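These are the residues of each chain, in order.
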Amino acid sequence: MPVIETILRTERLKLRKLQPKDIDLFYQMMSNPNVMNPVPQEVFSRSKSDEHFNMHSYPAPDSTKKVWAVTEGSDNLFIGLAAFLKNEKDEDEIGYRLLEKHWGKGYGTELAKGLLDYGFGEMHMDTITADVYIENRRSIKILEKFFTAEYEFYNEHDKCTDRRYRLTKSDWLNR
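> Sorry if this is basic, but what is going on with the overall build of the protein chain here?
Looking only at helices and strands, the protein chain features six helices and eight strands. For the protein chain, the sequential pattern of α-helices and β-strands runs β-β-α-α-α-β-β-β-α-β-α-β-β-α. Projecting the C-alpha coordinates of the protein chain onto the three principal axes gives extents of approximately 45 × 35 × 35 Å. Per-residue burial over the protein chain gives 45% buried out of 175 residues. For the protein chain, restricting intrachain contacts to residue pairs at least 6 apart in sequence, the fraction spanning at least 24 positions comes to 57%. Of the accessible surface of the protein chain, which amounts to about 9,700 Å², a share of 50% is contributed by carbon and sulfur atoms. Within the protein chain, the 29 negative side-chain charges are centred at a point lying 4 Å from the centre of the 26 positive side-chain charges.

So, in C-alpha cells, the structure goes:
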C-alpha cells in the first residue's frame, strides 16, 4: 500500500491530495443540495463533478489553487475539501466544504484554524481572506471566530451577496 502524504494535520483531521478513490464521495458532496445551496451553487451533475474532481486532482503546474481532501482520523476516507484559493483581487483565501453527515462535529472550525496556522506558518502568507454568502449562518459563525468582517459585495459568479472576511498574520499571532 502506498504511503499517503499528509499535508496538514489537526487534532482530528488530515489533509492530503485527492486520490482516484475519492471521486464517488466527492460527487456525493457536490450533488447534495444541502451542501451546495448555502454556497449558493447549483448541485453538480456526475459529469461536472468528475470534471471538477479531475481539475483539482491534477492541477495545472501554474495553478494558484491548492485543493486537498479532508479525512477523519487514520482511515484516510474522504469527508470533504479544504483549499487555498485566490480571490478576484489576487488575495489568499481559504475555503472548505464537508459531506453533510460530518456537519455539527466542529470540523469546520478545526479546518479553518488549521488552514490559518498552515497559511501563516508554512506558506508565509501575510493576509488571508474568506468569502461567504450572507445567508450561510453556519460558515459565518465559524469565520467570525477568527476573522474580521470587512465588507459585503455582489458575487457575480454565484449570483448572491457575499461578505469578505480578512485576517492578518500579526492579528493571528497576537490573538
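Further notes follow.
> How should the packing of aromatic side chains be read in this particular structure?
Where two aromatic rings form a pair, the distance of their centres and the angle of their planes describe that pair. Per the stated rule, a full pass over the model turns up eight aromatic pairs. Here the aromatic rings of Phe-120 and Trp-172 are separated by 6.4 Å at their centres, their planes lie at 35°, and the arrangement is tilted. A residue pair is termed long-range when its members are at least 10 positions apart, and Phe-120 in helix α4 (residues 107-121) and Trp-172 in helix α6 (residues 169-173) qualify at 52 residues. With a centroid separation of 5.8 Å and 65° between ring planes, the pair formed by Phe-146 and Trp-172 is classed as edge-to-face. With a gap of 26 residues between them, Phe-146 in the loop between α5 (137-143) and β7 (148-155) and Trp-172 in helix α6 connect regions that are remote in the sequence.

Criteria and thresholds
Residues numbered from 1 in each chain as written. Predicted model: local features only at pLDDT ≥ 70, side-chain atom pairs only at ≥ 80, totals over all residues. Heavy atoms only, no water. Helix = DSSP H or I, 4+ residues; strand = E, 2+ residues; numbered from the N terminus. Buried < 20%, exposed > 50% of the residue type's maximum accessible area, 1.4 Å probe, protein only. Contact = heavy atoms within 4.5 Å. Areas by Shrake-Rupley, 256 points an atom, 1.4 Å probe, with all protein chains shown as cover. Lys, Arg positive; Asp, Glu negative; His and termini not counted. Charge placed at Lys NZ, Arg CZ, Asp CG, Glu CD. Phe/Tyr/Trp six-rings, centres within 6.5 Å; stacked < 30°, edge-to-face > 60°.

Read these as layout, nothing more, since geometry by itself doesn't imply function.
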